[in-house]
Amino acid sequence: MVLRIRLARFGNKHNPFFNIIVAQARTARGAKPLEVIGTYNPIPKRPTNLYNENADARPYKEIALDSSRAKYWLGVGAQPSDPVWKLMGMVSRSLFLSTRVYNGLGTA
Amino acid sequence: MAPRVQTRVSNALLPYLTSTSISSLPSSSSQCLSRQFSVTAASQTKLRRQMFEWLSTDGAELKHHIPGETNYVTRLKDSPMSATRPFPNNPNFVSESVLSEELRNEVYTRVVEEKKSVRAVSMDLGIDMKRIGAVVRLVELEKRQREQGKHLALPYARAIHEMIPTTPLAPPGERQTYHEPINDLPAHPLTGAQIFYPVSESRPFNRVEAGRVFSSAPALEHHEAAEIGHPSDLAEKIIEDPRAIGWVGKGNNARQILQPADVRIPHPHMVALERDHIAHPNERRAVAERQTKRLERQDAAEQQRRERAQARREKKLQTFTPENSRFEYRIQETVYTKETTGADGRAPWAVGRRYGVPHRDRTRGEVKIPTRVEA
C-alpha cells in the first residue's frame, strides 16, 4: 500500500488544526497514523509587540516539521499530499534558500 | 379574531386618543377593557425627585469642574482628603494619580531618543518599569496615528486630565516626585506555606536559607553560606548570569530555587546603593560612581542576554514570506522522537494534537481565555 504524508484535521468547527502525519493511504483521516512529523495551524495569528519598525508585519501561520523524519519518509517512498507538498516546499525554501531567491528578486 | 392587540397598543402608546378609541371600540372587546394600561402619568419616585432637588441645590456646585482639581462629591464636605477620595462612603478607595502629559513625553524621550535603559529611567522618574514599557508603546502608537492622520480624542483627554490627580514633571534641576513605589514585590506563592524548620543556633539562617527551605532545596554548604555577606550581594551575580540560580526536582517537577527578595525586587541595585551610602557616608562621589558602574554592568549584561535570546529564537524559527500572500509562515524545526513524544507517541508534552486522548477543552473549569500573549 502507498504511504502518504498528509494532514489530519483536529480542532473544532471553524477552528481547524492539522497534524502532519505519515499514514497508509487508505486509512481514515482520524485514524492513528504511523507517525506524526509536524503540525500546521491555518488560522493566521496577528503578531504582537509591534513597534514602528515592524508595524506592517503580516499575520502569520505556524508550521512545525521534523525535517529529518520527513526526508526519511520521502526517501522510502512516501508520497506527500498536495497541501503537504506545498508546506514542505515552504519549509525547504526557508531552510535552504533565502526568500529573495524564491521570489526571483536576486541571488543568494 | 378580536382586535385585541390593536386596541391595547393604541391605548398605551397614544394616551391622548384614549377617549375616542374607547368610544369607538366594538362591543366584542369589552373583555379586554379591564386589562388596559393606566394612562395617568407615573408619579416620580421619591428618590428621583430628591436627586433632581439635589442637582439644583448642593449638586449645582459640581456642575462645572475647576481645571487642575478633582471634582468629586466628597468636595462638598470640605474634608482634607476630598481631593483623592471619590466615594463618600468608601474612604478606603483612593484615586491614584496618572502620569501627566509632560511626564509621559519625558519618559518616551529618555527611553527612545536618549536611549537610556528602562531601569535607569524608572529609577530617575519613580515609575514602574512595566508602566515605562506601556508608556513607550502607547506614545509610539499615538505618533503613528498622528502620521496616519487619524483623529485623536484630544479634547476628551484634556478634560479628563483636568479632573483627575496627575503626577507633574519636575522642572529642570528639581527632584522628581515619585509616581509610585517602584520596588514592590508580589508575595511569591511558595512563601505561603507554614513550615516548621529547626535550625541549630550555630548556623546562620537568613533570607537565602529561607528561600531554599520554601523550595525544599538542601541547605547551602557552610563554606558557600559563609561567602554570602548579605543577600543583596547575590543580586548582581544573578542578574549578570541567571544560570547561577540552582534547580531542585527532576524532569517535569524541576523548578528554580526561590531567591531572596533582595534578588527578586525590580531594582536590587537600590539596596546596594543604600548599603554603600551607609558604609561610606562621607564618600558621596565615590558611591555615586560605583552605582553608575553597577548600573552599566547590569545593562550590558541584560543587553547581551537579550541579544543571545533573540539569536537563539531566530535560529530556531525560520520564516517564509510568499510574494503574493497576505501571510507569513513561521516554520519551526521540531524533533519527533521517543524522548519528545513518549514511548507510545501520546505524551502530554508532545507537539501536535494527541490520538486516543479526549480533548479536554469543554470540561468544567477549563480556562480557555489566553493567560499570556506570545511575542
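Residues numbered from 1 in each chain as written. Chains lettered and ligands numbered in written order. Predicted model: local features only at pLDDT ≥ 70, side-chain atom pairs only at ≥ 80, totals over all residues.

Undergrad: It is not clear to me how the overall build of chain A should be interpreted in this structure. Could you clarify?
TA: Counting its regular elements, chain A contains three helices and five strands. The linear arrangement of helices and strands in chain A, starting from the amino end, is β-β-β-β-α-β-α-α. Sequence separation of at least 24 residues holds for 43% of the intrachain contacts in chain A that already meet a minimum separation of 6. (Helix = DSSP H or I, 4+ residues; strand = E, 2+ residues; numbered from the N terminus. Contact = placed C-beta atoms within 7 Å.)

Undergrad: Please explain the sheet that holds strand β1 (residues 3-10) of chain A as it appears in this structure.
TA: Backbone hydrogen bonds hold the strands of a sheet together, and the pairing may be parallel or antiparallel. With mixed pairing, the seven strands of this open sheet are ordered in space as β5(A)-β1(A)-β2(A)-β3(A)-β4(A)-β6(B)-β5(B). Two strands bound the open sheet, and with one partner strand each, they are β5 (79-80) of chain A together with β5 (317-320) of chain B. As paired strands, β5(B) and strand β6 (residues 328-333) of chain B are joined by four bridges and run antiparallel to one another. Each bridged residue has a counterpart across the sheet, and for B:F320 the counterpart in β6(B) is B:Y329. (Pairing = 2+ DSSP bridges.)

Undergrad: How should I be thinking about the confidence of the model for chain A in this particular structure?
TA: Close reading of the predicted structure is inappropriate where its pLDDT is low. With 82% of its residues at a pLDDT of 70 or more, chain A shows a mean pLDDT of 84. Counting interchain partners and residues more than four positions distant, the pLDDT-below-50 stretch residues 98-108 of chain A has eleven contacts. (pLDDT = per-residue confidence, 0-100.)

Undergrad: Got a minute to help me understand the interface of chain A and chain B in this structure?
TA: By a widely used convention, the size of an interface equals the accessible area lost when the partners come together. If you look at the interface, chain A gives 33 residues, while chain B gives 26 residues. Of all the secondary structure elements, the ones that give two or more residues to the side of chain A that touches chain B are β2 (17-24), β3 (35-45), β4 (60-65), α1 (67-75) and α2 (82-96) of chain A. Here the side of chain A that touches chain B is built from residues that sort into 15 nonpolar, ten polar and eight charged. (Nonpolar A, V, L, I, M, F, W, Y, C, P; charged D, E, K, R; others polar.)

Undergrad: Help me out: how do you make sense of unusual backbone geometry in this one?
TA: Among all residues except glycine, the phi angle is most often negative; among peptide bonds, the trans geometry is most common. All names here are of chain B. If you check the backbone angles, K115 has positive phi at about 55° while not being a glycine. With respect to the helices, strands and loops of the structure, K115 is situated in the loop between α5 (101-113) and α6 (118-125). You will see that S216, though not glycine, has its phi angle at about 45°, which is positive. If you trace the backbone, S216 turns up in the loop between α9 (207-214) and α10 (222-227).

Undergrad: Sorry, what's going on with α9(B) here?
TA: Residues and elements named next belong to chain B. Three or more residues of α9 are buried, namely V208, E209, G211 and R212. For α9, the arc enclosing every buried residue in end-on projection is 160°, short of the 170-degree limit, so these residues lie on one face. The inward-facing, buried residues of α9 contact α11 (233-240). Two residues or fewer after α9 comes S216, characterised by a positive phi angle close to 45°. (Buried ≥ 20, exposed ≤ 12 C-beta atoms within 10 Å, placed from the backbone. Arc of directions from axis to C-beta.)

Undergrad: Sorry, what's going on with the pairing of β2(A) here?
TA: Two faces belong to every sheet, and in a regular strand the side chains alternate between them. Residue and element names in this part refer to chain A. Across the eight residues that make up β2, a large majority, six, are buried. Sheet topology places β1 next to β2; eight bridges connect them, and they run antiparallel. Residue pairing across strands places R4 opposite A23, the latter belonging to β2. In this sheet, β3 lies alongside β2 in antiparallel orientation, the contact comprising five bridges. Within the sheet, the bridge partner assigned to I20 lies in β3 and is G38.

Undergrad: Explain the packing of α5(B) against helix α7 (residues 129-147) of chain B here, please?
TA: Axes are the key here: two packed helices are described by the angle between their axes and the distance separating the axes. All names here are of chain B. Viewed as axis vectors pointing N to C, α5 and α7 meet at an angle of 95°, and their least axial separation amounts to 9 Å. Considering their axes alone, α5 and α7 lie roughly perpendicular with respect to each other. Between α5 and α7, the contacting residues are R104, N105, V107, Y108, V111 and V112 on the first element and I132, V135, V136 and V139 on the second. Partitioned by chemical class, the residues of the contact of α5 with α7 number eight nonpolar, one polar and one charged. (Axes fitted to C-alpha atoms, helices over the stretch in contact; angles between N-to-C directions. Parallel < 35°, antiparallel > 145°, perpendicular 65-115°, else oblique.)

Undergrad: Where do I start with the packing of α5(B) against α6(B) in this structure?
TA: Residue and element names in this part refer to chain B. Following both chains from N to C, one finds α5 and α6 inclined at 150°, their axes separated by 10 Å at the closest point. Between α5 and α6 lies a crossing whose hand is right-handed. In this structure, α5 uses L103, V107, R110 and V111 to contact α6, whose residues at the interface are V118, V121 and L125. Taken together, the residues of the contact of α5 with α6 break down into six nonpolar, no polar and one charged. (Left-handed = near helix turned anticlockwise from the far one by under 90°.)

Undergrad: Which parts of the structure should I look at to understand the nonpolar core?
TA: By size, the foremost hydrophobic cluster in this structure holds 25 residues, and its most contacted members are A:I20, A:I37, A:I63 and A:L65. Those elements that place two or more of their residues in this core are β1, β2, β3, β4 and α2 of chain A together with β6 of chain B. (Core = buried A, V, L, I, M, F, W, Y, C linked by C-beta atoms within 7 Å.)

Undergrad: What should I look at first to understand the environment of B:Q291 in this one?
TA: Residues and elements named next belong to chain B. Mapped onto the secondary structure, Q291 falls in helix α14 (residues 284-316). Of the residues examined, Q291 has 17 C-beta atoms within 10 Å and is grouped as partly exposed. Leave out the neighbours within four places in its chain, and Q291 touches H269 and L273.

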